[in-house]
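Fold and geometry: a report
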Protein chains: 2
Amino acid sequence: MQALTLVDGISAVLWYDEGQDTDRHDMGKTRSAPTLNDVAKAAGVSTATVSRCLNSPDRVIEATRQRVLQAVESLGYTPNFAARVMAAKRSYTIGAIIPTMDNAIFARGLQEFQDQLRESGYTLLVSSSAYDPEVEREQIRTLVARGADGLLLIGHARDADIYAYLERHQIPSLVAWSYDPHMHPPSVGFGNAAAMGELAQRVISAGHRRIAMISGITQGNDRAQARVEGVRQAMTENGLNADELTLCETTYEIDKGAEAFGKLMARSPRPTVVMCGNDVLAAGALREAQRLGISVPDQVSVTGFDDIELAEIVTPALTTVHVPHREMGRKAARELIAMVEGTSEGRSICIDTRLVDRCSLAEPPGAQ
Amino acid sequence: MQALTLVDGISAVLWYDEGQDTDRHDMGKTRSAPTLNDVAKAAGVSTATVSRCLNSPDRVIEATRQRVLQAVESLGYTPNFAARVMAAKRSYTIGAIIPTMDNAIFARGLQEFQDQLRESGYTLLVSSSAYDPEVEREQIRTLVARGADGLLLIGHARDADIYAYLERHQIPSLVAWSYDPHMHPPSVGFGNAAAMGELAQRVISAGHRRIAMISGITQGNDRAQARVEGVRQAMTENGLNADELTLCETTYEIDKGAEAFGKLMARSPRPTVVMCGNDVLAAGALREAQRLGISVPDQVSVTGFDDIELAEIVTPALTTVHVPHREMGRKAARELIAMVEGTSEGRSICIDTRLVDRCSLAEPPGAQ
DNA sequence: TCCACCAATGTAAGCGCTTGCATTATCAAT
DNA sequence: ATTGATAATGCAAGCGCTTACATTGGTGGA
C-alpha cells in the first residue's frame, strides 16, 4: 500500500468517453469544460494573454487582466493540469517516498516538508514503500511519471540503476533522514552513526560492558546500519570488543521490540543494557520488561532513538537521541526547491541531534 | 492539510529548466528521457504500434511486440503520464475527498476502496478536507485538475455549484458513508438515520427516558444530521417528546467527547444514557466517566457508532452500530468504476449495518 | 488466378497549454 | 511631428501521446 499527500493544487479538465456508447438519448447539453481558448475568445484576446494573466499577471496590463479574469470567472474555467505540465515541462509537484507511514518519525518530518513546499507553491505527493526496494523502485517511476519536478528519498541505500534513471530523467533528488556529504544524491539529515555513537559512549561511560542492541533490519537501510556501526565504533574506541555486541534485528514494530527484548533477556549472561534502533522498538522492550518483571533501569537499561512523543510517555521515560525532524523537513524542502529551480547544485546539510537524558538509562546493576 | 493516496501507477518524463541558466560546464550527456518516438525508431515501427503494444498488446503481432518491448526495455522508456492523459482523456485515476484521515473509519473503508481500484488498474488519489467545505471545494478542483476520472465524496451535503462543476466537467461521482437513493449523486452507504434509530429503539426499550446525545457537528454533515434524526424519530415513535433530547454538538475528538460528557453529567436531572455520534466520542465519554467516578453502565449508559477497533478495547466495551466499512469500500469502488467506464449510470447501494450489543448499555439506574 | 476480407501497421490530427519570437501600441525625447 | 525604446499582445510551434482512418499484405473461396 502506498499513500500520497497533496497540498494545494492547480486544476484541469477531463471527461470520460468509452467505446461502449450506450444509446443514451439525453445527450442534452454536451457543452464540455471550457478551455483556454474559450476564455480567450470570451475576453477577446489571444490564448497567450490568458495564459500570461494566469501565470505572470504583471506581464499583462490591468484592463486586459480584468477582462480575462472575468471571463475565467464567468466560464468557470479551470486550467488543465496535464496540458500545463506538458507545455511547461514543470508540474510544481514534488514526490517523496518514505518507507512507512506507520511511524511518527516520517510523519512529523514530512508534515513540515510539505508545509514548506506549499509555501513555495509546490504540491507534495507522498507514497510509502513498506521498506520494499521493489515497491520503492516502482513508486519512483510512478512519481516521475506523474511529473514530479523533484524527489525526496529516505537514505542512500538503493540500486544504482535507480539513480541512473533519475539522472536520465533529469529529476533532482535529495536524500533525507541520513547525512553523508560524499554520497550522491546530496543529503539533508543527521549522522546516524555519530548520534548513536554518542549515545553508546554515554552508555559505556555509565559502566555498561555487556551491551545488546535491537536494531531495525539493516539490509537496505543505511540508517539502521549506521546506528549499529555507531555502537560498534564506540565500543572499539573504549577498548571493548565490538564483536561482543549482541545484535538482534527486527522490523520496526512495538511487538517485535518486545519479542526481541524477551530473547535478549533469556541469554546468559544477560546484557546490562539494551540499545534500541528507535523509540518504537524501545517502547516494546519496556513493555516486555514490565511483563517479565524486570525493572528498568535498575536491572537493565534501555535506550531509544528519535525522541518521538512516545519516548516521554512510556515508563520509565526513554533516554534517547533527539532528532529535530521538523528542522530537517524544512531544510530539505528549501534545498530541494533550490535544486529544482536551478539555484542550487545540491548541497548536503547536517542536522544536529542531541542526547536526551531521561530515566531508562542508569548504571548497570551491582555497580557502585 | 490534505493527503493523497496513490496506488500503482503509470509513468512519465519531465525535466526541469529554469530561466536562471547557471553557467554549468558539465553539460555532458544531455540526452533526455526517451519518448514514444525514440522507441518507435529503435524498434523500426510507428509510434502507433508502440502505443498499441503498451495499451492493447493483443492488437499487435507477437514478433513486433517482442521487438518493441525490447526497445522499451533497453531505452528505459517510461511513458509520459501527462501526455497520455491529454491524448486519451483518461487518467485511470480516481479521486477521493474525505473529511479527515485521523479517523479510523475512513481509513478502513478507503483501504478497501483503494485495493479494489488497484485490481482494476486504477490509482487512488485521496485528500482530506478537515471538514471544511471551502477546502473540499478546492480539493475537488485540484483532483479534477489532476485528471481524476471519477470522484468519491463523503455524504451528500455540499453546495449545488460543486455538483454543477462536476457535471460540467463530466466527472462521474459517487457518495459514500451515506445512503439516499433519491439524491444525486448516487450513494453507496448505509442509512445513518435508520441505523441510529435502531440503536435508539434498543435504548428506549431498555427503559431509558432521559436521553442525551453527543453528536458530531451537524452543519454540513448529513451523516451527523441523520444520526440525530434517527434518535429523534425513535423517540417520537415511542411516544417520547423528541424535543427533550439533550443534544451536544462537538467535533469528533476523544477529548471533545470527554468534555461533552462532563457537561451532560453536570445537568440535572442527569440523562440516564448518552448516545454518541461515533465510537471516538463514546470513548471520550467513557474516559470522562471513569475520571468522574461515574460507573458505566450502572449509573449511566453510553453507546457508540461505527464499531471500530476502539469499541472493543475500551472498558466497558461499547454497545454500538457495526458498519461494514470494507464491504462499503469494495462496492463503492466497483460502482464508481462502472460509472467511469460507462457501464453504469450510477446505482445507489445500501449497506446493512448491525447492532452490536456489548456492555456499555444497560437499564437505567433504579429500573427493576 | 482473382477478389473480398480481415488483421497488422502506418499516417497524421489533435488533446490544452506555454513560450520564443514577431508585431503592434505607447510614450518620452528630440 | 518623428524616432527609438519599451511594454503589451498576438502568432504559432511544439510538449508526448492516442486513435480514427488509410494502407498494406496475407488468407481462403470461387
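Refer to the structure printed above.
What you are looking at is a predicted structure, and each value in this text was computed from that prediction instead of being measured.

1. Describing helix 3 (residues 62-75) of chain B
Residues and elements named next belong to chain B.
- If you check helix 3, its first and last C-alpha atoms are 20 Å apart, about what 14 residues at 1.5 Å a residue would give, namely 20 Å.
- Regarding helix 3, the residues found buried are T64, V68, A71 and V72. For helix 3, the angular spread of buried residues about the axis comes to 100°, placing them on one side. Turned more than 90 degrees away from the buried face of helix 3, the exposed residues are A63, Q70, E73 and S74.

2. Re the protein's contact with DNA strand C
- Around DNA strand C lies a shell of 27 residues, among which L36, S51 and Y77 of chain A together with T49 and T64 of chain B are the nearest.
- Within 4 Å of the protein, the atoms of DNA strand C are drawn from sugar and phosphate moieties in a proportion of 61%.
- The side chain of S51 of chain A places a nitrogen or oxygen atom 2.6 Å from a phosphate oxygen of DNA strand C.
- Elements that contribute at least two residues to the surface near DNA strand C include exactly helix 2 (47-55) and helix 4 (81-88) of chain A together with helix 2 (47-55) and helix 4 (81-88) of chain B.
- Among the residues making up the surface near DNA strand C, the classes are represented as 15 nonpolar, eight polar and four charged.

3. Quick word on unusual backbone geometry
- With omega at 0°, the peptide bond leading from H184 of chain A into P185 of chain A counts as cis.
- Along the chain, V296 of chain A connects to P297 of chain A via a cis peptide bond; the corresponding omega equals 5°.
- Within the secondary structure, P297 of chain A is located in the loop between helix 11 (279-292) and strand 9 (301-303).
- Positive phi outside glycine occurs at W177 of chain A, with the angle close to 65°.
- Considering the arrangement of structural elements, one finds W177 of chain A in the loop between strand 4 (173-176) and strand 5 (187-189).
- Given a relative accessible area of 4%, W177 of chain A falls into the buried group.
- In this model, K89 of chain B sits at a positive phi of 55°, which is unusual for a non-glycine residue.

4. Some points on the environment of G189 of chain B
Residue and element names in this part refer to chain B.
- Relative to the elements of secondary structure, G189 occurs in strand 5 (residues 187-189).
- Linking G189 and A234, residues 45 residues apart in sequence, is a C-alpha distance of 21 Å.
- Excluding residues within four positions of it along the chain, G189 makes contact with W177, S178, Y179, M328, I349, C350 and I351.

5. So, helix 8 (residues 192-205) of chain B
All names here are of chain B.
- The end-to-end C-alpha distance of helix 8, which contains 14 residues, comes to 20 Å, matching closely the 20 Å that a straight helix rising 1.5 Å per residue would cover.
- In this structure, the buried residues of helix 8 make contact with strand 6 (211-215), helix 9 (222-237), strand 8 (273-276), strand 9 (301-303), strand 10 (320-322) and strand 12 (354-356).
- Two residues or fewer after helix 8 comes G207, characterised by a positive phi angle close to 110°.

6. Some remarks on the sheet that holds strand 8 of chain B
Residue and element names in this part refer to chain B.
- Pairing in this open sheet of four strands is parallel, and the strands run 7-6-8-9 from one edge to the other. The sheet is open, and its two borders are formed by strand 7 (246-249) and strand 9, each paired with just one other strand. Each adjacent strand pair in this sheet contributes to an overall mean axis angle of 15°, direction not counted.
- Across three bridges, the pairing between strand 8 and strand 9 is parallel. Bridge pairing links V274 to V302 in strand 9.
- Packing against the sheet, helix 11 (residues 279-292) makes contact with strand 6, strand 8 and strand 9, and its axis sits at approximately 155° to strand 9.

Calculation notes
- Residues numbered from 1 in each chain as written.
- Chains lettered and ligands numbered in written order.
- Predicted model: local features only at pLDDT ≥ 70, side-chain atom pairs only at ≥ 80, totals over all residues.
- Heavy atoms only, no water.
- Helix = DSSP H or I, 4+ residues; strand = E, 2+ residues; numbered from the N terminus.
- Expected span 1.5 Å × (residues − 1).
- Buried < 20%, exposed > 50% of the residue type's maximum accessible area, 1.4 Å probe, protein only.
- Arc of directions from axis to C-beta.
- Near = heavy atom within 4 Å.
- Polar contact = N/O pair within 3.5 Å; in protein donor to acceptor, adjacent residues only side chain to side chain.
- Nonpolar A, V, L, I, M, F, W, Y, C, P; charged D, E, K, R; others polar.
- Contact = heavy atoms within 4.5 Å.
- Pairing = 2+ DSSP bridges.
- Axes fitted to C-alpha atoms, helices over the stretch in contact; angles between N-to-C directions.

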